[in-house]
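# Descriptive analysis of the structure
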Amino acid sequence: MKKAATGKKAVPGKKAARAARAKKAPSARSAAPVRKAVAPKKVTVAPKKATAAVKKAAPAKTLAPKPVKNESRTALVRRARRIDRELAEVYPYAHPELDFENPFQLLVATVLSAQTTDLRVNQTTPGLFARYPTPEDLAAANPEEVEEILRPTGFFRAKTKSVIGLSKALTEEFGGEVPGRLEDLVKLPGVGRKTAFVVLGNAFGRPGLTVDTHFQRLVRRWQWTEETEPDKIEAAVAALFPKSDWTMLSHHVIFHGRRICHARKPACGACPIAPLCPAYGEGETDPEKAKKLLKYEKGGFPGQRLKPPQSYLDAGGRPASPLGAG
């Protein structure tokens, strides 16, 4: 009986031991995943590698601080003015890129610049002004002869009509002189607010915003305004800056739009205002690849003017080649 009793007691003892081991075994197995789960991934080398890559290449798109959608008016004004200050340092020699010697030449050249480049206009106007140096001369010109001169600029028939028409208006209504008031300029054939402000700002020293295609594209990319009509864009941007800044602001923005912030392939990796730009990353962010997209003097190419200001030349800018040059 004792053996039997002992045998009966032994069985449960073994079962208990096995049960105890079974309880411990799952516990051990479950502990392993816990240790793996809590392994601190933050101390791995991945972030360091990522950081090194960012330093060597262009910053990742997410590294450029983007303005909050609900940016306050004060924050917008500060950001806009900072962008202009940065561009002023990059383009201290910014200037109108149309060659001119007097208000009449600038007025005609600006009208001709529609739907073509300033470079093409600068290559064309020397022949035009050599033959018709004054409003009186151009007003009496043979349209067919003017068309032939203006043919390289495109839309030459419409442009011929405009420049002859405004020359007649200047001769008949303003004594052959270009008026220095906005309300007078916009009455001339082919002259809108953009053209008027180019003339006022650069020939008369009266502040104005030149809202061309470059200006429109950039101020919308920078989220200075959501307006799409030139007049409304002009009003919205003008409200962000002192009036005394308007003319040079136009030059800074247009220079930047032509040289770096292009319409199709902006050179984001070479942009000096990338940290302030909400659209950073829309273009090439790799610095080396971005450099290849640079135009004009930033890329070592000639500028737009045949006879640029001395300050532009002193800063390393190169004048354009005359029409027909190899």
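Position numbers for residues start from 1 in each chain and track the written sequence from start to end. Totals for whole chains, interfaces and linings use all residues, but because this is a predicted model, local features are given only for residues with pLDDT of at least 70 and pairs of side-chain atoms are given and counted only at 80 or more. In computing side-chain properties, one takes all heavy atoms of the structure into account and sets aside hydrogens as well as water.

### Describing the side chain of Ser 113
The line we're drawing: Numbering of helices and strands starts at the N terminus; helices are DSSP runs of H or I of at least 4 residues and strands are runs of E of at least 2. Working definition: with a 1.4 Å probe on protein chains only, accessible area under 20% of the residue-type maximum means buried, over 50% means exposed, and in between means partly exposed. Contact definition: two residues touch when any of their heavy atoms are within 4.5 Å.
Within the element layout of this structure, Ser 113 appears in the loop between helix H4 (103–112) and helix H5 (118–131). The class for Ser 113 is buried, based on a relative accessible area of 12%. Not counting the four nearest positions on each side in its chain, Ser 113 is found in contact with Leu 98, Asp 118 and Val 121.

### Describing helix H12 (residues 230–238)
Rules: Along the arc lie the directions from the helix axis toward the C-beta atoms.
Among the residues of H12, those classed as buried are Ile 233, Glu 234, Val 237 and Ala 238. Buried residues along H12 cover an arc of 125 degrees about the axis, so they all sit on one side. If you follow the buried residues of H12, they end up packed against helix H10 (193–203), helix H11 (213–221) and helix H13 (246–259).

### Let's talk about the side chain of Asn 122
Where we set the bar: N or O atoms within 3.5 Å of each other form a polar contact, as long as, within protein, one can give a hydrogen and the other can take it, and as long as residues adjacent in sequence are counted only when both atoms are side-chain atoms.
Within the secondary structure, Asn 122 sits in helix H5. With a relative accessible area of 0%, Asn 122 lands in the buried category. Engagement of the side chain of Asn 122 in a polar contact is seen with the backbone oxygen of Glu 97, the distance being 2.8 Å. When sequence neighbours within four positions are dropped, the list of residues in contact with Asn 122 reads Glu 97, Leu 98, Asp 99, Gln 304, Arg 305 and Leu 306.

### Describing the packing of aromatic side chains
By convention here, two paired aromatic rings are described through the distance between centres and the angle between planes. Note the following rule: Here the aromatic set is Phe, Tyr and Trp, taking the six-membered ring for Trp, and pairing holds for ring centres within 6.5 Å; pairs whose planes are under 30 degrees apart are stacked, those over 60 apart are edge-to-face, and all others are tilted. Note on criteria: charge over ring means Lys NZ or Arg CZ within 6 Å of the ring centre, with the direction from the centre no more than 35 degrees off the ring normal.
In total, this model carries 6 aromatic pairs according to the counting rule given. Ring geometry for Tyr 93 against Phe 255: centres 6.1 Å apart, planes inclined by 65 degrees, an arrangement best described as edge-to-face. Note that Tyr 93 is positioned in the loop between helix H3 (73–90) and H4 and Phe 255 in helix H13, a separation of 162 residues in sequence. Residue classification places Phe 255 among the buried positions, given a relative accessible area of 1%. Seen in terms of ring centroids, Trp 224 and Phe 241 are 5.4 Å apart; in terms of plane orientation they differ by 50 degrees. Their pairing is tilted. Pair noted here: Trp 224 is in the loop between H11 and H12 and Phe 241 is in the loop between H12 and H13, with a separation of 17 residues, a long-range link. By the burial criterion, Trp 224 is buried, and Phe 241 matches it. Each member of the aromatic cluster is reached from another via a ring pair, and the members are Tyr 91, Tyr 93, Phe 255 and Tyr 312. Geometry around Phe 255 places Arg 259 over its ring, the cationic atom sitting 3.8 Å from the centre.

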